[in-house]
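A closer look at the structure
Residue strings, one per chain:
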Amino acid sequence: MKNPFDLILQGQHHNEVLHAAAAASKFDIDNFALGVPDTAVAIIGDYASKVCRASGVQSDLMLGGLLELFAAVSKEEAQPEVMAELIDEIQVCRTQAYRCRAVWRHFGKVLIDDAEIREKFASESLKLLADGQSCESARGQAIELARGGTKITIKLAKELRSKHGEQQSRDDAKPNTATPARPKNTSKIKKLLSETVGDIWTFTGRVVQIILEPTRTASHADRHAVIEDLQAAIDRLQQEIIDETHPGSELTHV
């Protein structure tokens, strides 16, 4: 059984740490904890702080970025109820959805691939700096401070916003969080799907997620036809494995 505290001190990924913690009993964890020296407690706390901050920021970027993409493709200005329905399905309040979209617009390009800078921010500090009352110079200084190793706390984010002055950005004006009216028992998203690609079916296995999207020429294929297509895909994958295992065997095919 792996010791999650040892994994933390070795700098292992948090997924491995949490898997080890989940596999251990309360008794095991308590015993492992007894072996942690006092000098390592601060290291474990710092690890937890960095992982939780970075994960929160990553979650905000994911939500904001995907909502921005959906806003473009769903023609949000003409059909705001489509975005409202998606937000309802995600089960996040409209205010938070709006704030995450602002985070993506102002910080996405910088933070999405830079874990070292990302871990210096807290989710809420990013949202404060991304809202319409913060100016671009405050956001720029926050990025520079983060590059230099400074943690951008909520307190610091408020200080930067105050130092650089507040401004009302036209793009980030106070959001309208009212729910757009739409007829009951109707789904704009499902209607869009039925008009384009038909029904989408997904399956999540141990190592892959399979998404079945009907072709445009057969947007509502029956299940027997779907099974035939899946079998053809399996056959092709098995053949590729054979070809990789025995190079040149494809030359002997008749």
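Scoring rules and cut-offs
Residues numbered from 1 in each chain as written. Predicted model: local features only at pLDDT ≥ 70, side-chain atom pairs only at ≥ 80, totals over all residues. Heavy atoms only, no water. Helix = DSSP H or I, 4+ residues; strand = E, 2+ residues; numbered from the N terminus. Buried < 20%, exposed > 50% of the residue type's maximum accessible area, 1.4 Å probe, protein only. Contact = heavy atoms within 4.5 Å. Areas by Shrake-Rupley, 256 points an atom, 1.4 Å probe, with all protein chains shown as cover. Patch = residues over 30% accessible without salt bridge, like charges linked within 9 Å, V, L, I, M, F, W, Y side chains within 5 Å. Salt bridge = Lys/Arg side-chain N within 4 Å of Asp/Glu carboxyl O. pLDDT = per-residue confidence, 0-100. Core = buried A, V, L, I, M, F, W, Y, C linked by side-chain atoms within 4.5 Å. Axes fitted to C-alpha atoms, helices over the stretch in contact; angles between N-to-C directions. Parallel < 35°, antiparallel > 145°, perpendicular 65-115°, else oblique. Left-handed = near helix turned anticlockwise from the far one by under 90°. Nonpolar A, V, L, I, M, F, W, Y, C, P; charged D, E, K, R; others polar. Disulfide = S-S within 2.5 Å. Bend = angle between axes of the 7 residues up to and from the residue.

1. Some points on the overall build of the chain
When you go through the chain residue by residue, the secondary structure sums to 12 helices and two strands. Along its sequence from the N terminus, the chain presents helices and strands in the succession α-α-α-α-α-α-α-α-α-α-α-β-β-α. Considering the chain as a whole, with its 254 residues, one finds that 31% of them fall into the buried category. A fraction of 62% describes how many contacts in the chain between residues 6 or more apart in sequence connect residues 24 or more apart. Carbon and sulfur atoms make up 57% of the accessible area of the chain, which amounts to about 17,000 Å² in all.

2. A closer look at a nonpolar patch on the surface
Nonpolar side chains collect at one region of the surface, where Val207, Val208, Ile210 and Leu230 lie side by side and expose about 330 Å² of accessible area between them. Residue position: valine 208 is located in the loop between strand E1 (201-204) and strand E2 (209-212). Assessed through its relative accessible area of 48%, valine 208 is described here as partly exposed.

3. What about the confidence of the model for the chain?
Per-residue pLDDT for the chain has a mean of 82; in total, 76% of the residues score no lower than 70. This model gives residues 168-173 a pLDDT under 50, and the stretch forms 14 contacts once residues within four places in sequence are excluded. The model gives residues 250-254 a pLDDT under 50, and that stretch makes three contacts with residues more than four places away or in other chains.

4. Digging into the pattern of salt bridges
What the rule picks out here adds up to 13 salt bridges. A salt bridge links lysine 2 to glutamate 16, with the shortest nitrogen-to-oxygen separation between them at 3.1 Å. In this pair, lysine 2 sits in the segment before helix H1 (4-9) while glutamate 16 sits in helix H2 (residues 14-23), placing the two residues 14 residues apart along the sequence. Across the pair arginine 101 and glutamate 76 runs a salt bridge, and its minimum N-O distance is 2.8 Å. Of this pair, arginine 101 sits in helix H6 (residues 94-111) while glutamate 76 sits in the loop between helix H4 (38-73) and helix H5 (80-90), and the two are 25 residues apart along the sequence. What you see here is one network of salt bridges that share partners, running through Glu68, Glu76, Arg101 and Arg105.

5. Describing the side chain of aspartate 60
Mapped onto the fold, aspartate 60 is located in helix H4. For aspartate 60, a relative accessible area of 7% gives the class buried. Here aspartate 60 is in contact with Cys100, Ser123 and Lys127, once residues within four sequence places are set aside.

6. With respect to the nonpolar core
With 21 residues, the main nonpolar core has Phe107, Leu111, Phe121, Leu126, Leu129 and Ile152 as its most contacted residues. The set of elements that each furnish at least two residues to this core consists of H4, H6, helix H8 (123-130), helix H9 (136-147) and helix H10 (154-164). In this structure, leucine 126 is in contact with Val57, Val103, Phe107, Leu111 and Phe121, ignoring residues within four places of it in sequence. If you look at the next biggest cluster of nonpolar residues, it comprises 11 residues, including Val17, Val36, Ile44 and Tyr47.

7. Some thoughts on the packing of H9 against H10
The description of two packed helices rests on the angle between their axes and on the distance between the axes. Viewed as axis vectors pointing N to C, H9 and H10 meet at an angle of 135 degrees, and their least axial separation amounts to 9 Å. When the axes of H9 and H10 are compared, the pair comes out oblique. Here H9 runs over H10; the crossing is right-handed. Contact residues: H9 offers Ser137, Ala138, Gln141, Ala142 and Leu145, while H10 offers Leu156, Leu160, Arg161, Lys163 and His164. Looking at the contact of H9 with H10 residue by residue, the classes come out as five nonpolar, three polar and two charged.

8. Details of the state of the cysteines
Tallying each qualifying case throughout the model produces zero disulfides. Summary of cysteine pairing: cysteine 100 is not part of a disulfide, and the nearest cysteine sulfur, belonging to cysteine 93, is at 8.9 Å.

9. Focus: H6
If you look at H6, its biggest bend is around 50 degrees, right at arginine 105. Buried residues of H6: Arg94, Ala97, Tyr98, Arg99, Cys100, Arg101, Ala102, Val103, Phe107, Gly108 and Leu111, and no others. Along its buried surface, H6 packs onto H4, H5, helix H7 (115-118), H8 and H9.

10. Let's talk about unusual backbone geometry
Where the residue is not glycine, phi is negative for most of them; where a peptide bond is considered, it is trans in most cases. Even without a glycine there, the phi angle at lysine 75 is positive, about 55 degrees. Relative to the assigned elements, lysine 75 resides in the loop between H4 and H5. Take lysine 75: its relative accessible area is 56%, and that puts it in the exposed class.

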